[in-house]
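Results of the structural survey
This is what each chain is made of:
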Amino acid sequence: MRRSGSTGPAGDRHWRGSARLAVSCALVFCAMSFLVDWDAGSLTPLRALLWVTLSAAVGAVLLPQRVSAGPGWLAVRTPWRRRVVRTDALAAVRQYDGVSSHLVLRDVYGHRLELDPRILAANPLLWHELDTGVRRSLERGTLRHGADVLDRLGHQIDEETAEAVLRASGLS
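So, here is what we can say about the structure in this document. Every chain is numbered on its own, with residues counted from 1 as its sequence reads. Only residues with pLDDT of 70 or above have their local features reported here, since the model is predicted, and side-chain atom pairs are shown and tallied only from 80 upward, although totals for entire chains, interfaces and linings are computed over all residues. No hydrogens and no water enter the side-chain calculation; it runs on all heavy atoms of the structure.

Core analysis: the largest hydrophobic core is formed by 23 residues, its most contacted members being Leu74, Leu105, Leu115, Leu120 and Leu130. In this text, helices come from DSSP runs of H or I with a minimum length of four residues, and strands from runs of E with a minimum of two, each type numbered from the N-terminal end. Residue assignment for this core shows that the elements contributing at least two residues are β2 (66-70), β3 (73-77), β5 (90-96), β6 (102-107), β7 (112-115), α3 (117-122), α4 (124-140) and α5 (147-169). Here a residue-residue contact requires only that any non-hydrogen atoms of the pair lie within 4.5 Å. The contact partners of Leu115, leaving out residues within four places of it in the chain, are Gln65, Val67, Leu74, Val76, His102, Leu103, Leu105 and Leu120. Side-chain atoms within 4.5 Å are what join buried Ala, Val, Leu, Ile, Met, Phe, Trp, Tyr and Cys residues into a set we call a nonpolar core. To sort residues, take the accessible area from a 1.4 Å probe on protein chains only and compare it with the maximum for the residue type: under 20% means buried, over 50% means exposed, and anything in between is partly exposed.

Quick look at the structure:
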């Protein structure tokens, strides 16, 4: 957790729970595969290795992106790579809707990353770092495409936050 005087990066506060769920699903898959194969009498060391490998692949596929942000940057880490964009030098922002809505951020240095906008809505510190960087990009004139996308997303996040506060306080 980030303290008020801390200069450490903001992170996705729900990532650990999602990662735990991904690992649990992979372990359950492995255990069930072993049990079914053992019950059928066909469990061999080679098949056990196959089930462990498949379970590791299931865990890697289910493992969520890890999003973090700091002054002027936003990073998304997957099991295979880490992508970072300079939020204070953004060039374009696009939002793709559909089954899997995602934001695509591109900075003036050619770096690009994709993330789920729900992560920003669920993590006010991440949203604050991105919003601060976007304001700097607008001041510097680097953000030429997509300022309206982030403005809409900001209004949506503000509305959801206000509704959550009202619900929590019992006023809604």
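Most of β2 is tucked away, with 4 of its 5 residues classed as buried. Should DSSP find at least two bridges between two strands, the strands are regarded as paired. As judged from the 2 bridges shared by strand β1 (residues 10-11) and β2, these two strands associate in the antiparallel manner. Across the sheet, Gly11 pairs through a bridge with Ser68, a residue of β2. Bridging between β2 and β3 involves 5 bridges; their strand directions are antiparallel. Looking at β3, one finds that Ser68 is bridged to Ala75. Two successive antiparallel strands, β2 and β3, enclose a turn made up of 2 residues, where Gly72 displays a positive phi of approximately 85 degrees.

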